[in-house]
Amino acid sequence: VIHRLPMPNLKDELHSSGWSAGCTCFDNVTAKRNKLILPCLISSRIYVVDVGSQCRAPKLCKMIEPVDVFWKCNKGYLNVPRSLPNGDILIANTGDAAGNGKGGFIVLDGETFELKGNWENECEAPPTGYDFWYQPRYNVLISSAGAVPKRAGRGFCPNDLKKGVYGRRLNVWNLSCRSLIQCFDLGEDSLPLSVKFLHNPDAAEGYVSCALSGIVYRFYKCEANNWAVEEVIRIPAKDVTGWIMPKMPAFTVDLIISVDDRYLYLCNWWHGDIRQY
């Protein structure tokens, strides 16, 4: 350990992180990965950490308080940040300020890191949200569902099954118009979480892992501007004893695709294994 940067607040839950500039900005010589964006899943606070000035001693350079996110965006429970092709930062949210389910995104200015507001058009927010990925050459953004924050925050509860707590939708957005153009119902309590496009910028396909159903779907462009999904992996539940249910589903919390697009890796959390496909 060469440095520690203590966070100034408790109960933030730094669940996901992202850079101030991403691989989509590779042709922009002025874009550098010198800031780390840390949105907070529980508190809805946003930290910006300077990792460029002193690479061996990162320091906190900006903090956006939850009240600003609540009042300006009516959003909360922030999760995955990624940089957009125009340099701004897009952050997926999982709920509203009260912890009710509400999908969508908020936007930070890519240079000043000021909160700009909501990304999606009015009245187009999905019921829940979690992760997203986009492919600029096909003008598309794909987002997953997640869960209702104020219910899921208590931990996994079998009594919440079949009550709309765990999401089931995969959402297809027009990237430039910021509008929802397609939705796929992946089944009750499927809980789509991690979304990844292939790394090849010409590839019009990717994958989404569903945590509670144990299914991985491939999504792909089929015709015109339409997209389709197909099941490609199914991990069966395990028979267990001494747990809260007689069968333990595969809980795939993360999905990674190798840089050469040859392999897919799954973190199968509850079963305790990492899988390569």
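Thresholds applied
Residues numbered from 1 in each chain as written. Predicted model: local features only at pLDDT ≥ 70, side-chain atom pairs only at ≥ 80, totals over all residues. Heavy atoms only, no water. Helix = DSSP H or I, 4+ residues; strand = E, 2+ residues; numbered from the N terminus. Rg over C-alpha atoms; globule rule 2.2 N^0.38 Å. Areas by Shrake-Rupley, 256 points an atom, 1.4 Å probe, with all protein chains shown as cover. Phe/Tyr/Trp six-rings, centres within 6.5 Å; stacked < 30°, edge-to-face > 60°. Buried < 20%, exposed > 50% of the residue type's maximum accessible area, 1.4 Å probe, protein only. Lys NZ or Arg CZ within 6 Å of the ring centre and 35° of its normal. Pairing = 2+ DSSP bridges. Axes fitted to C-alpha atoms, helices over the stretch in contact; angles between N-to-C directions. Arc of directions from axis to C-beta. Contact = heavy atoms within 4.5 Å. Polar contact = N/O pair within 3.5 Å; in protein donor to acceptor, adjacent residues only side chain to side chain. Salt bridge = Lys/Arg side-chain N within 4 Å of Asp/Glu carboxyl O.

J.: A description of the overall build of the chain should follow, citing residues and the corresponding values.
T.: Counting its regular elements, the chain contains 2 helices and 21 strands. What you see for the chain is a C-alpha radius of gyration of 19 Å, in line with the 19 Å of a compact globule of 277 residues. For the chain, the C-alpha atoms occupy an extent of roughly 50 × 45 × 40 Å along the three principal directions. Carbon and sulfur atoms form 52% of the exposed surface of the chain, whose accessible area is close to 13700 Å².

J.: Tell me what's going on with the packing of aromatic side chains, and back it up with residues and numbers.
T.: Counted according to the given criterion, the structure contains 12 aromatic pairs. Relative to Trp243, the ring of Phe156 has its centre 6.1 Å away and its plane inclined at 5°; by these criteria the two rings are stacked. Residue Phe156 is found in the loop between helix H2 (149-152) and strand E11 (169-174), and its partner Trp243 is found in the loop between strand E17 (238-239) and strand E18 (247-248); the two are separated by 87 residues along the sequence. For Phe156, a relative accessible area of 23% puts it in the partly exposed group. We classify Trp243 as partly exposed; its relative accessible area is 29%. The interplanar angle of 85° and the centroid separation of 5.1 Å between the aromatic rings of Phe197 and Phe219 together place this pair among those described as edge-to-face. Taken together, the residues Phe197 in strand E13 (residues 192-197) and Phe219 in strand E15 (residues 215-223) connect sequence positions 22 residues apart. Here the two residues Phe197 and Phe219 agree in accessibility, since each one is buried. Put simply, the rings of Phe156, Tyr166, Trp243, Phe251, Trp269 and Trp270 touch in pairs and so form one group of aromatic residues. Cation over ring: Arg82 sits above Phe132, and NZ or CZ is 5.5 Å from the ring centre.

J.: Just give me the short version of unusual backbone geometry, but keep the residues and values in it.
T.: If you check the backbone angles, Lys11 has positive phi at about 60° while not being a glycine. Positive phi is not limited to glycine here, since Asp261 has a value of about 65°. Here Asp261 lies in the loop between strand E19 (252-257) and strand E20 (264-268).

J.: I'd love a proper account of the sheet that holds strand E12 (residues 179-185), names of residues and values included.
T.: Strand pairing within a sheet occurs via backbone hydrogen bonds; the two strands may be parallel or antiparallel. Pairing within the open sheet is antiparallel, and its 4 strands lie in the order E9-E10-E11-E12. Sheet topology places strand E9 (132-135) and E12 at the edges, where each strand pairs with a single neighbour. Strand-to-strand, the axes of this sheet are offset by a mean angle of 20°, without reference to chain direction. Here 4 bridges tie strand E10 (residues 140-143) to E11, and the two strands are oriented antiparallel to one another. The partner of Ile142 across the bridge, within E11, is Val172.

J.: Residues and numbers for helix H1 (residues 66-73), please.
T.: Structurally, the α-helix is built with 3.6 residues per turn, so residues lying three or four positions apart point the same way. Of the residues making up H1, those classed as buried are Pro66, Val69 and Cys73. Buried residues of H1 fall within an arc of 75° about the axis and therefore sit on the same side. Contacts from the buried residues of H1 go to strand E3 (46-50), strand E4 (59-64), strand E5 (76-83), strand E7 (105-108) and strand E8 (115-118). In the stretch just after H1, Asn74 is the one whose phi turns positive, near 50°.

J.: Please set out the side chain of Gln182 residue by residue, giving values where relevant.
T.: Of note, Gln182 is situated in strand E12. The exposure class assigned to Gln182 is buried, which follows from its relative accessible area of 18%. Polar side-chain contacts of Gln182 include one of 2.8 Å to the backbone nitrogen of Trp227. Excluding residues within four positions of it along the chain, Gln182 makes contact with Leu170, Asn171, Val172, Asn225, Asn226 and Trp227.

J.: I'd like a rundown of the pairing of E8, residues and numbers included.
T.: Successive side chains on a regular strand alternate, one facing one side of the sheet and the next facing the other. Sheet analysis places E7 next to E8, joined by 3 bridges and oriented antiparallel. Along E8, the bridge assignment pairs Leu108 with Leu115. Hairpin connection from E7 to E8: 6 residues lie between these consecutive antiparallel strands, with Phe113 at a positive phi of about 65°.

J.: Account for the pattern of salt bridges, with residues named and values stated.
T.: The final tally for this structure, using the stated rule, is 16 salt bridges. With its nearest N and O atoms 3.9 Å apart, the salt bridge here joins Lys196 to Asp254. Note that Lys196 is positioned in strand E13 and Asp254 in strand E19, a separation of 58 residues in sequence. We classify Asp254 as partly exposed; its relative accessible area is 33%. Across the pair Arg218 and Glu205 runs a salt bridge whose closest N-O atoms are separated by 2.9 Å. You can see Arg218 sitting in strand E15 and its partner Glu205 sitting in strand E14 (residues 205-210), a full 13 residues away along the chain. We classify Glu205 as partly exposed; its relative accessible area is 21%. The network of salt bridges with common partners includes Asp12, Arg45 and Glu65.

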